[in-house]
Amino acid sequence: MKTKGIWYNELIIYKGVYRMKYNSRLERQKQVQFAVGMAALDGGKPTTFTQNLLNQYENGQVTSGQLKQAILQKYAKGSN
């Protein structure tokens, strides 16, 4: 099923990253790579906003919960 729009791509990335809360940097990097790869299968790619969040997550600067919240705040209301 093809679903268009940023929301779908962001949601896939969110699900891929959110599954495990407390991980090493290497585990977080693998989660991000997997999530981005899954989104790419449907032609999606992270926005600059999301890529910045993913980089912060990989570096341990934000938690998976903070990542989720930021994405929901940005895209759930359709704001840019």
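Everything numeric in this text was worked out from a predicted model, so none of it was measured.

Caption draft 1: Looking closely at the packing of helix α2 (residues 25–41) against helix α3 (residues 48–58). Look at α2 against α3: their axes get within 8 Å of each other, and the N-to-C directions meet at 155°. When the interaxial angle is binned, α2 and α3 end up roughly antiparallel. Within the contact between the two elements, α2 uses Arg25, Arg28, Gln29, Gln31, Val32 and Val36 and α3 uses Leu54, Tyr57 and Glu58. A breakdown of the residues in the contact of α2 with α3 according to their chemical character gives four nonpolar, two polar and three charged.

Caption draft 2: Representation of the nonpolar core. Val32, Leu53, Leu54, Tyr57, Val62, Leu67, Ala70, Ile71 and Tyr75 together form the largest nonpolar core, which totals nine residues. Within the residue set of this core, elements represented by two or more residues are α3 and α4 (64–75).

Caption draft 3: Examining the confidence of the model for the protein chain more closely. Summary statistics for the protein chain give a mean pLDDT of 75 and a share of 66% for residues scoring 70 or more. At the level of individual helices and strands, the protein chain shows its lowest average pLDDT in helix α1 (residues 6–18), which scores 44, and its highest in α3, which scores 93. For the stretch residues 1–21, pLDDT sits under 50, and the model shows 43 contacts to residues farther than four places along the chain or on other chains.

About the cut-offs
Residue indices begin from 1 for each chain and proceed along its sequence in written order. Residues qualify for local features only when their pLDDT is at least 70, as the model is predicted, and side-chain atom pairs are given and counted only at 80 or more; totals for whole chains, interfaces and linings, by contrast, use all residues. Hydrogens and water molecules were not included; the side-chain quantities draw on all heavy atoms of the structure. Orientation is described by lines fitted to C-alpha atoms, with helices fitted over the stretch in contact, and by angles between N-to-C directions that extend from 0 to 180 degrees. Helix numbering and strand numbering both begin at the N terminus, where a helix is a DSSP run of H or I of at least 4 residues and a strand a DSSP run of E of at least 2. Should an angle fall under 35 degrees it is called roughly parallel, over 145 degrees roughly antiparallel, and 65 to 115 degrees roughly perpendicular, with every other angle called oblique. Every residue pair with non-hydrogen atoms within 4.5 Å of one another is taken to be in contact. Asp, Glu, Lys and Arg are counted as charged, while Ala, Val, Leu, Ile, Met, Phe, Trp, Tyr, Cys and Pro are counted as nonpolar; the rest, among them Gly, fall into the polar class. Remark: nonpolar core denotes a set of buried residues (Ala, Val, Leu, Ile, Met, Phe, Trp, Tyr, Cys) joined through side-chain atoms within 4.5 Å. Each residue is assigned to one of three classes by its accessible area relative to the maximum for its type, calculated with a 1.4 Å probe on protein chains only: buried under 20%, partly exposed between the two thresholds, exposed over 50%. pLDDT measures the predictor's confidence residue by residue and takes values from 0 up to 100.

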